[in-house]
Amino acid sequence: MSDATSSGEPVRSMTGAGTFVVESAEGRIEAEARSVNHRFFKTSLRTQGPLPSAGALVEDALKKVVQRGHVSVHLRFRPAPATDASGWIDDAAFAEAATHLANLASEHGLGAVHPRDVLRVPGVLVEGRTGQDEDALSAVVKEAVAGVAQALQTAREREGALMVAEVEDLLERISLALAGIVERAGEVPAAYQQRLQKRLDDLLQGSGVEPDPAHIARECAVLAEKSDVREEIARVEAHVQHAREIVRAGGAVGRRLDFLVQELHREANTIGSKSSDARIAHLVVEVKEEIERLREQVQNVE
């Protein structure tokens, strides 16, 4: 495998996860971001606690580091200790506790669950502070969102580096299998001529008729023309080299690699359909298996 290194941006995976925590006078914000494959850029946000609207903030922060992928962000806010008896209800905890109590009531034949019963469950009613500084809290949210976006980016780049190594290895395997096809393709006409000569000799044995060398040569020439895969092999070699160059250039290369994988698969199919040689057919299967593994990797590349 070549030891060439990327000279551009790192290749990033579309999957990854990151966390970031901010402690402040306003309280504690735990931010979590997870990304999965998606054709385009998409975000979704879930919050717990009395936080200001952060949808636009999350989208702007993620756009700086993500070009493709569906990113889900979860912000959990725990206000600083209360200065009086005020508080707030954690909606997610309330819903979970209500469902649990309702199931227990039904199982044991009890009456309907009252909201005050749900509020007694630890974690549903959260003590809070009064007079919270909205500007200060917004600044804390912004810090948390920027931090989790960077943490996610780091994770995606770390996974991307592993994917680059795997992609390079798969491209090398394709090249090796292709070299075997090239070697065998050069042997096919002569092998076919020997088989044809032997078959004619067996058929004409004892008849006193000698096979016409010119006819044998013409038959071999026709086979060689029909099974000539030099153009397809040259295109596969070019696609493999182009894929290496794209990976080493770095950045958001997933769409271009996906296109090349489709082209590699098409050329491999053509090589298999044009050749009737069993050894070449076996090597083509190997090539297609490696291309399929390559496709699975490329689908995760941003």
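Higher on the page you've got the structure.
Residues numbered from 1 in each chain as written. Predicted model: local features only at pLDDT ≥ 70, side-chain atom pairs only at ≥ 80, totals over all residues. Heavy atoms only, no water.

Draft legend 1. Local environment of the overall build of the protein. Across its full length, the protein holds eight helices and six strands. Traced from its N-terminal end to its C-terminal end, the protein shows the element sequence β-β-β-α-β-β-α-α-β-α-α-α-α-α. Expressed as a percentage of its 302 residues, the buried residues of the protein come to 36%. Relative to all contacts within the protein whose residues are 6 or more apart in sequence, the contacts with residues 24 or more apart total 81%. (Helix = DSSP H or I, 4+ residues; strand = E, 2+ residues; numbered from the N terminus. Buried < 20%, exposed > 50% of the residue type's maximum accessible area, 1.4 Å probe, protein only. Contact = heavy atoms within 4.5 Å.)

Draft legend 2. Quick peek at the sheet that holds strand E2 (residues 27–36). Ordered by their spatial adjacency, four strands build an open sheet running E1-E2-E4-E3, and the pairing between neighbours is mixed. Both outer strands of the open sheet, strand E1 (16–24) and strand E3 (41–48), are each paired with one neighbouring strand and no more. Within the sheet, the average angular offset between the axes of one strand and its neighbour, ignoring direction, is 15°. Here E1 pairs with E2 via nine bridges, running antiparallel. For valine 22, the partnering residue across the bridge sits in E2 and is isoleucine 29. Lying on the sheet, helix H1 (residues 55–63) is in contact with E3 and strand E4 (69–79); it crosses E3 at an angle near 135°. (Pairing = 2+ DSSP bridges. Axes fitted to C-alpha atoms, helices over the stretch in contact; angles between N-to-C directions.)

Draft legend 3. Quick peek at the environment of alanine 25. Looking at the secondary structure, you find alanine 25 in the loop between E1 and E2. In the structure, alanine 25 is positioned 108 residues away from aspartate 133 in sequence and 9.7 Å away in space, judged by C-alpha atoms.

Draft legend 4. Quick peek at the packing of helix H7 (residues 254–274) against helix H8 (residues 278–298). Two numbers describe how H7 lies on H8: the axes approach to 10 Å, and their chain directions differ by 165°. Here H8 runs roughly antiparallel to H7, going by the angle between their axes. In this structure, H7 meets H8 at a crossing whose hand is left-handed. In this structure, H7 uses Gly254, Leu257, Asp258, Val261, Leu264, His265, Ala268, Asn269, Ile271 and Gly272 to contact H8, whose residues at the interface are Val284, Val287, Lys288, Ile291, Leu294, Arg295 and Val298. Per-class residue counts for the contact of H7 with H8 are 10 nonpolar, four polar and three charged. (Parallel < 35°, antiparallel > 145°, perpendicular 65-115°, else oblique. Left-handed = near helix turned anticlockwise from the far one by under 90°. Nonpolar A, V, L, I, M, F, W, Y, C, P; charged D, E, K, R; others polar.)

Draft legend 5. A look at H8. If you check H8, its first and last C-alpha atoms are 30 Å apart, about what 21 residues at 1.5 Å a residue would give, namely 30 Å. Listing the buried residues of H8 in full gives Ile280, Leu283, Val284, Val287, Glu290, Ile291, Leu294 and Val298. Taken around the axis of H8, the buried residues stretch over an arc of 125°, which confines them to a single face. (Expected span 1.5 Å × (residues − 1). Arc of directions from axis to C-beta.)

Draft legend 6. Quick peek at the nonpolar core. Ile181 and Leu294 are the most contacted members of the largest nonpolar core, which totals 31 residues. Mapped onto this core, the elements with two or more residues apiece are helix H4 (134–204), helix H6 (230–249), H7 and H8. The leading source of residues in this core is H4, at eight residues. Setting aside chain neighbours within four positions, we find leucine 294 in contact with Val167, Leu170, Leu171, Ile174, Val261 and Leu264. Membership of the second largest hydrophobic core comes to 23 residues, among which are Ala61, Leu62, Leu137 and Val145. (Core = buried A, V, L, I, M, F, W, Y, C linked by side-chain atoms within 4.5 Å.)

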